[in-house]
Amino acid sequence: MRRGFLYLVAIMDWYSRKVLAWRLSNTLEADVCVDALKQALARHGKPEFFNTEQGCQLTSASWIEVLSEATVKISMPLGESANHLPVTAGKGRRTDNRMIERLWRSLKYECIYLHAFESGSELKAGIGRWLAY
């Protein structure tokens with residue numbers, strides 16, 4: 001934003017590259033990520049695998065619990081979650097998160113950098129329009 005920062009989490013389907021759920025927050029708390037995950041699972045059903053990076057929000061007990069209860073296999077680059085729960089073997093390649101990283105780049109250059117949003121509500125509306133497009 002023109003002044004300050006907000007954090008965005010998105011749950012993306014790798015096959016269609018569609019954003020299934022997203023949240024914007026002024027904190028990096030795990031509950032924001034978990035809310036987006038729960039929304040994606042409720043709206044679109046459970047996938048066989050869920051790929052994520054090793055960020056603390058995405059390895060938190062609440063995140064792992066939601067996926068475990070849904071019997072979704074968790075894939076992380078290092079093959080083990082921070083909670084030492086077994087996950088599928090990942091290769092740890094820098095390209096593992098290429099689809100979501102491409103989404104971030106496109107969103108920044110096609111929406112955020114062009115508008116210099118003044119408030120969180122403006123940013124949320126702008127991101128919503130861009131994702132719907």
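Computed from a predicted structure; not experimentally measured.

Caption draft 1: Seen up close, the nonpolar core. If you look at the biggest cluster of nonpolar residues, it comprises 21 residues, and the most contacted ones within it are Ile-11, Leu-37, Phe-50, Trp-63 and Leu-67. For this core, the elements supplying multiple residues, two or more each, are strand E1 (7–12), strand E2 (19–25), helix H1 (30–44) and helix H2 (61–69). For this core, the element with the most residues is H1, which contributes 7 residues. Not counting chain neighbours up to four residues away, the residues in contact with Trp-63 comprise Ile-11, Cys-33, Val-34, Leu-37, Phe-50, Thr-52, Gln-57 and Leu-58.

Caption draft 2: Main features of H1. In this model, H1 (15 residues) spans 21 Å end to end at C-alpha, consistent with the 21 Å of a helix rising 1.5 Å per residue. In this fold, the buried residues of H1 make contact with E1, E2, strand E3 (49–51) and H2. Just past H1, the residue Gly-45 takes up positive phi, approximately 80°.

Caption draft 3: Structural context of the side chain of Ser-60. For Ser-60, the position within the fold is in the loop between E3 and H2. Note on Ser-60: relative accessible area 14%, which makes it buried. Separated by 3.3 Å, the side chains of Ser-60 and Ser-62 make a polar contact.

Definitions and limits used
Residues numbered from 1 in each chain as written. Predicted model: local features only at pLDDT ≥ 70, side-chain atom pairs only at ≥ 80, totals over all residues. Heavy atoms only, no water. Core = buried A, V, L, I, M, F, W, Y, C linked by side-chain atoms within 4.5 Å. Buried < 20%, exposed > 50% of the residue type's maximum accessible area, 1.4 Å probe, protein only. Helix = DSSP H or I, 4+ residues; strand = E, 2+ residues; numbered from the N terminus. Contact = heavy atoms within 4.5 Å. Expected span 1.5 Å × (residues − 1). Polar contact = N/O pair within 3.5 Å; in protein donor to acceptor, adjacent residues only side chain to side chain.

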